[in-house]
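# Summary of structural features
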Amino acid sequence: MFVIIVLCIIIYLGAYCCLKSSGQSTKVKPMRSFDDFFM
C-alpha cells in the first residue's frame with residue numbers, strides 16, 4: 001500500500017513539474033455538460 005502512495009506522489013510531482021516548465025495553467029475548469037468535453 002505504501003508503494004502505491006509513493007508511486008502516486010511521484011506521478012503527481014512529475015506531471016506538476018511538466019506543466020510548470022511548459023507554462024501551462026494548472027487551473028481546472030469545471031465541466032457542466034457533456035458538450036464541454038468537445039470544445
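The shown structure was predicted, so the numbers you read here are calculated from the model rather than taken from an experiment.

## Overview of the overall build of the protein chain
Of regular secondary structure, the protein chain possesses one helix and zero strands. For the protein chain, the residues scored as buried account for 0% of the 39 residues in total. When the accessible area of the protein chain is evaluated, it comes to approximately 4,100 Å², of which 72% is carbon and sulfur surface.

## Here's the deal with a nonpolar patch on the surface
Taken together, M1, I4, I5, I9, Y12, L13 and Y16 make up a surface patch of nonpolar side chains, about 780 Å² in accessible area. Relative to the assigned elements, I5 resides in helix α1 (residues 2-22).

## Quick look at the packing of aromatic side chains
Here the structure, examined in full by the defined rule, presents one aromatic pair. Here Y12 and Y16 contribute two aromatic rings whose centre-to-centre distance is 6.4 Å and whose plane-to-plane angle is 20°, an arrangement assigned as stacked. Placement of the pair is Y12 and Y16 together in helix α1, with a separation of four residues, close to one helical turn. Look at Y12 and you get exposed, because its relative accessible area is 57%. According to the relative accessible area criterion, Y16 is partly exposed, its value standing at 38%.

## Regarding α1
A rise of 1.5 Å per residue sets the reference length of α1, with its 21 residues, at 30 Å; its end C-alpha atoms lie 31 Å apart and thus fit the reference within 8%. In the stretch just after α1, G23 is the one whose phi turns positive, near 85°.

## Remarks on the state of the cysteines
Throughout the structure, instances matching the rule amount to zero disulfides. C17 supplies the cysteine sulfur nearest to C18, a cysteine that is in no disulfide, at a spacing of 7.1 Å.

About the criteria used
Residues numbered from 1 in each chain as written. Predicted model: local features only at pLDDT ≥ 70, side-chain atom pairs only at ≥ 80, totals over all residues. Heavy atoms only, no water. Helix = DSSP H or I, 4+ residues; strand = E, 2+ residues; numbered from the N terminus. Buried < 20%, exposed > 50% of the residue type's maximum accessible area, 1.4 Å probe, protein only. Areas by Shrake-Rupley, 256 points an atom, 1.4 Å probe, with all protein chains shown as cover. Patch = residues over 30% accessible without salt bridge, like charges linked within 9 Å, V, L, I, M, F, W, Y side chains within 5 Å. Salt bridge = Lys/Arg side-chain N within 4 Å of Asp/Glu carboxyl O. Phe/Tyr/Trp six-rings, centres within 6.5 Å; stacked < 30°, edge-to-face > 60°. Expected span 1.5 Å × (residues − 1). Disulfide = S-S within 2.5 Å.

Remember, this is a structural readout, not a statement about activity or role.
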